[in-house]
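Below are the chains, spelled out letter by letter.
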Amino acid sequence: MAGNTTNTAPEAVAGGSAGDRWSGRALAVGLRVGGLLIAILIVIVVFTLLSKPNTFLTITNSLGVMRSMSTIAIVALGLTLVIVVGEIDLSFGYMYGLASILIGVAWVVWGWPIYLAIPLAFAAAVGVGSINAFLVTVLKIPSFIVTLGTGQLVFGTTLLVSNTATLNPAYPPPGRAVPQDQVEWFFGLSNQDLPLGLPMQAIWMLGVALVIGFILSRSLFGFRLKAIGGNPAAAALARLPIVKYKFAAFIICSMLATLAAMLDFAFIGSVQPNAGVGLLFPVFAAVIIGGASLSGGRGTAIGTLSGALLLAIIANGLALLSAGSYLSNFVSGAVTIAAVVLDRFTQSLRR
Amino acid sequence: MTALPPAVAGGSTTVDEVPERGLRIRGLRKWYGDTRALDGLDLDARPGEILGVAGPNGAGKSTLIKILAGETSADAGEIHLDGRPWDTATERDRVAVVHQEPQLFPNLTVAQNLMVGREGTRALVRRLDEQERSLMADLAILEYADHEIGSVPLAIQQRVEIGRALARDARVFLFDEPNSALTQEESTDLFRRMHLLADGGNVVVLVSHRIAELAEHTDRVALILDGLCTSVLADDALTPDGIAAGLVTGQAIREPEEQIVVHLGDDAATALRLDEWTHGAGEFHDIDLHVRAGEIIAIVGVEGSGARELVRSIAGFERGSGRIEVGGRSGGSAAASGTSLVSADRQTSLFTNLTIGDNMVSRLNREITAGGVALRRSRMREISHRLREQFRVKAPSVQLPIGSLSGGNQQKVAIAAAIVKRPEVLVLEEPTRGVDIGSKREIYRLMREYASQGHAVIIYCTEVPEVFEAADLVYIVSDGRLSEPLIVMNYADVEALARAVTRLERHAGAPPAP
């Protein structure tokens, strides 16, 4: 009876100051990202004080952090769409692995030109995303189970295709040669001489963030993704295109995992089948720290980007302190949980 | 009708003393914020009788059941059972609630369900004892002992619920709309068991919207309005007409002169036409309906009658076969593009993670974008500000979360979001459920305004006062059949309309002659 009405008077919620311009929702996002930036600043100060002089807070190291965060950030931006629409994708790490191996095998072993090997990997991403979305929307299987399963199917495919071998265009199988111009073009995707020594992958990351940011905050697609994720039942009654949009979210997520895989391959120069398996935690952590709600309907590109940055700074700072890898796990786990606890706290404050 | 003063309503004694046997409720109060669900309710239930409880939605029936079932506690008031004070929150074993959806463990068997809570102290799982076996035999559920609850029919589940209660010596049996999903045969059997329980000296309470059944099966009917027991009908006063009239007394807020008279010529355009329209799961059959633009049509029917399914099927949210024509175009896609549905439950009509303004424009596409891609925030603001004025949504800003609004204002936003899409047929399920009087008026005004702009409005109602105030025509659905329409304007007062509706409900609801 009174279950779905709130007893608070509208005036009390408005707090008098929340005008149309600076809305409650924007305020929440602002608080969240602002809080994250403060956390990032604190972490920077702490590591600057703890580390040896001229190791942490240098241009070279900062650019290194930007590069190291880019893989996680690009994949996490894709996952953000899936999370916003109220679903989960656990298969992106394996998709990353499949994409690198497909590019590597098609190019180095089968002798395809790189210009066909890359579209092949993206086509596979569209396939995997579509299968995920089909099972979730048409067969109505929970996405957690679907992507847990398809992740293993994808991983198995990767092992099968790669024959569990590491691939490097510098060492093609006997009798094959990889054209040098293609090698240069491909490696150029992640290695360019940019002003200030900016890493090329960071440019890709910013580009992706701009696109996802536009989608989430400025497009009808993003507006409806939030509506669908916030209340699927209401979205169905409002006739929002739920199936179509979930397909789009899963496909974009797989394609961004593929993009990240391609850029890492181009940067590192070689690829192995188990690449991407370790992405699950940091990518999810970046999305969660960034303020997206796992129950759907909430998430921003700037938040996810900041989450990835925070994790990268922590990993980098601890590595510089030679703290041992276990400490990095401790800290990133604790930070992820703390972010959610803090979120609950600020939300209760707003009420 | 015997209208007793509330203080002694339901009591047969003039001296208010605690009876030695039976249930006695005095001054029961439960407020949710400003909403007075129960406002000092008095009620007596005697052992050996079936007490009916009737009242419109939001009158306090469900709160009363929740308190008796121990699911929530009252703010004030006292409850006595068999002469002793009864703390419903801790002494839950004394009451059994039989819902439309039994509260059992679907993954356990019938026998295990019967034993839950009384498994004994031994580590080994015990078997049914003799007493339990005979109890189950009496209820005709022994043969299902090893079936999982999830796999047996609803009627069996309800009997298991009764059996559980009997096995732990419950005294009070609350039946809350128990038969809305049962077949005729199953519900006859359920009533037989209710009478057996009463004959056994238990306190039996039946909460129902089905007026004919209340009149037939209960000894007395308590009418609950606005959190109070306003009268108790018994003996000669206990007739379907009496209950129907009692339920709507003082409920209409329309003044006679306010009555809106609509004259539609025969040339008014057809907004909706159904021919031999039949539900995919058999909840209604062969419905022929013709709705003209400019009309507000009410479709009335209790849960399980098929009325709700009919209304939802018009908007394409239940499967139907036959012919549907919306705005001159036929077929499912015409129905999908020409209708908008607002569900009864605000949990499924609003997006709690969006602002008031975003909720208002959530169904739009071209109107709020450049080419269907980029949002035009200024357009969204413009539209939501206009809707806030037009619908008189009491919000200091449309950028606030939707949850900051009262129930009535939330409902206005939900309806605004559907209307701004300009559907030819606007479909509303219980448009003012849980809404305050002021917002009710606004919502009726908005419905009328939208209809007068040349659209059809179809509302699913469970309350006659709503029909009286809002609709031009009313159809009654019982057992999946549609009645002839009643012209609301022809009824001078809501009591007269209520009697007419009840009569049609009974006629259409009568079991087909063999």
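Residues numbered from 1 in each chain as written. Chains lettered and ligands numbered in written order. Predicted model: local features only at pLDDT ≥ 70, side-chain atom pairs only at ≥ 80, totals over all residues.

A.B. asks: Let's hear about the overall build of chain B: which residues, and what values?
C.D. replies: Scanning chain B for helices and strands turns up 15 helices and 23 strands. Expressed as a percentage of the 514 residues in chain B, the buried residues total 51%. For chain B, the share of sequence-separated contacts (at least 6 apart) that also reach a separation of at least 24 residues comes to 71%. (Helix = DSSP H or I, 4+ residues; strand = E, 2+ residues; numbered from the N terminus. Buried ≥ 20, exposed ≤ 12 C-beta atoms within 10 Å, placed from the backbone. Contact = placed C-beta atoms within 7 Å.)

A.B. asks: Tell me about the packing of helix H12 (residues 407–419) of chain B against helix H13 (residues 437–452) of chain B, and name the residues and values.
C.D. replies: Residue and element names in this part refer to chain B. One way to put it is that H12 packs onto H13 with a least axis distance of 9 Å and a crossing angle of 10°. Between H12 and H13, the interaxial angle falls into the category roughly parallel. On H13, the residues touching Gly408, Asn409, Gln411, Lys412, Ile415 and Ile419 of H12 are Gly438, Ser439, Glu442, Ile443, Leu446 and Tyr450. Partitioned by chemical class, the residues of the contact of H12 with H13 number 5 nonpolar, 5 polar and 2 charged. (Axes fitted to C-alpha atoms, helices over the stretch in contact; angles between N-to-C directions. Parallel < 35°, antiparallel > 145°, perpendicular 65-115°, else oblique. Nonpolar A, V, L, I, M, F, W, Y, C, P; charged D, E, K, R; others polar.)

A.B. asks: Residue-level account of the sheet that holds strand S9 (residues 220–225) of chain B, with values.
C.D. replies: All names here are of chain B. Ordered by their spatial adjacency, 6 strands build an open sheet running S6-S7-S8-S3-S9-S10, and the pairing between neighbours is mixed. At either margin of the open sheet sits one strand with a lone partner, and together these are strand S6 (95–98) and strand S10 (228–234). Adjacent strand axes in the sheet meet at a mean angle of 20°, parallel and antiparallel pairs treated alike. Pairing between strand S3 (residues 50–54) and S9: 4 bridges, direction parallel. Paired with Leu51 across the two strands is Arg220, which belongs to S9. The sheet contacts of helix H1 (residues 61–68) involve S3, S6, strand S7 (172–176), strand S8 (203–207) and S9, and relative to S7 the element is tilted by about 145°. (Pairing = 2+ DSSP bridges.)

A.B. asks: Can you tell me about the sheet that holds strand S15 (residues 329–330) of chain B, naming the residues and giving the values?
C.D. replies: Residue and element names in this part refer to chain B. Read across the sheet, 4 strands follow the order S12-S11-S14-S15 without closing on themselves; strand pairing throughout is antiparallel. The open sheet has two edge strands with one neighbour each: strand S12 (287–292) and S15. As paired strands, strand S11 (residues 270–279) and S12 are joined by 5 bridges and run antiparallel to one another. Across the sheet, Leu272 pairs through a bridge with Val291, a residue of S12.

A.B. asks: Outline the confidence of the model for chain A, supporting the account with residue identities and numerical values.
C.D. replies: Of all residues in chain A, 91% attain a pLDDT of 70 or more, and the chain-wide mean is 88. Residue range residues 1–22 of chain A is modelled with pLDDT below 50. Its contacts to residues more than four positions away, or to other chains, number 43 contacts. (pLDDT = per-residue confidence, 0-100.)

A.B. asks: Before we move on, could you go through H12 of chain B and cite the residues and values that matter?
C.D. replies: Taking 1.5 Å per residue as the helical rise, H12 of chain B with its 13 residues ought to reach 18 Å, and the 18 Å between its terminal C-alpha atoms agrees with that figure. For H12 of chain B, a buried count of 13 out of 13 residues is recorded, marking the element as mostly surrounded by other parts of the structure. (Expected span 1.5 Å × (residues − 1).)

A.B. asks: Break down the nonpolar core for me, citing the residues and quoting the values.
C.D. replies: One finds Val75 and Ala99 of chain A to be the most contacted residues of the largest nonpolar core, which totals 243 residues. With 17 residues, helix H11 (residues 242–268) of chain A is the single largest residue contributor to this core. Viewed by domain, this core spans two of them, domain 1 (6–11 + 27–104 + 153–248) and domain 2 (262–357 + 421–509) of chain B, each represented by three or more residues. Setting aside residues up to four positions removed in sequence, Val75 of chain A forms contacts with Phe92, Tyr96, Leu256, Ala257, Ala260, Leu279 and Val283 of chain A. Core analysis: the next-biggest nonpolar cluster, separate from the first, contains 10 residues, Leu114, Met136, Ile149 and Ile156 of chain B among them. (Core = buried A, V, L, I, M, F, W, Y, C linked by C-beta atoms within 7 Å. Domains from an automatic or database assignment.)

A.B. asks: Account for unusual backbone geometry, with residues named and values stated.
C.D. replies: Residue and element names in this part refer to chain B. Residues other than glycine seldom take positive phi values, yet Asp82 does so here, at roughly 55°. Note that Asp82 resides in the loop between strand S4 (76–81) and strand S5 (84–85). Owing to 17 C-beta atoms within 10 Å, Asp82 belongs among the partly exposed residues under this scheme. In this structure, Ala140 takes a positive phi of about 60° despite not being glycine. In this fold, Ala140 is placed in the loop between helix H3 (130–138) and helix H4 (154–167).

A.B. asks: If you had to explain the environment of Ile314 of chain A to someone new, which residues and values would you point to?
C.D. replies: All names here are of chain A. As for its placement among the helices and strands, Ile314 is situated in helix H13 (residues 301–320). Each C-alpha atom, one on Ile314 and one on Ser328, is 7.3 Å from the other, the two residues being 14 residues apart in sequence. Setting aside residues no more than four positions away along its own chain, Ile314 makes contact with Val43, Val331, Ser332 and Val335.

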